[in-house]
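Below are the chains, spelled out letter by letter.
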Amino acid sequence: MEWLAGLFLVVMGAIMLVKPDMIWKISESWKTKNSTEPTIIYRNLIRIGGSVILIGGIFATVTILIMK
């Protein structure tokens, strides 16, 4: 069952990498009065974080599956 955690990280990392605007709508849009779009810096930082999480999830999943 541990591989589910790795799979979750892979999915979340892929979403952050491909759809940073969706992450902004969920986590940040309610904090602004005019609900403008996220900045380019925010999008890039979310993509970088998504890449790190995606790589970590792939590594964790592969490691767990190899160890079994």
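Whatever comes next refers back to the structure up there.
Residues numbered from 1 in each chain as written. Predicted model: local features only at pLDDT ≥ 70, side-chain atom pairs only at ≥ 80, totals over all residues. Heavy atoms only, no water.

**A look at helix α1 (residues 2-18)**
An ideal rise of 1.5 Å per residue puts 24 Å on 17 residues; α1 measures up with 25 Å between its terminal C-alpha atoms. Every buried residue belonging to α1 is among Gly6, Gly13 and Met16, and all of these are buried. Down the axis of α1, the sector holding all buried residues measures 90°, keeping them to one side. Of the exposed residues in α1, those oriented more than 90 degrees away from the buried face are Phe8 and Val18. (Helix = DSSP H or I, 4+ residues; strand = E, 2+ residues; numbered from the N terminus. Expected span 1.5 Å × (residues − 1). Buried < 20%, exposed > 50% of the residue type's maximum accessible area, 1.4 Å probe, protein only. Arc of directions from axis to C-beta.)

**A few points about the nonpolar core**
Met16, Ile23, Trp24, Tyr42 and Ile46 form the largest nonpolar core, which has five residues in total. Breaking this core down by element, the ones donating at least two residues are α2 (20-27) and α3 (40-67). When neighbours within four sequence positions are excluded, Trp24 is seen to be in contact with Ser29, Ser35, Thr36, Glu37, Pro38 and Tyr42. (Core = buried A, V, L, I, M, F, W, Y, C linked by side-chain atoms within 4.5 Å. Contact = heavy atoms within 4.5 Å.)

**Describing α3**
Helix length check: α3, at 28 residues, gives a terminal C-alpha distance of 40 Å against a target of 40 Å (1.5 Å per residue), a fit within 8%. Check the buried side of α3 and you find it contacts α1 and α2.

In short, the description is geometric, and any link to function would need to be established separately.
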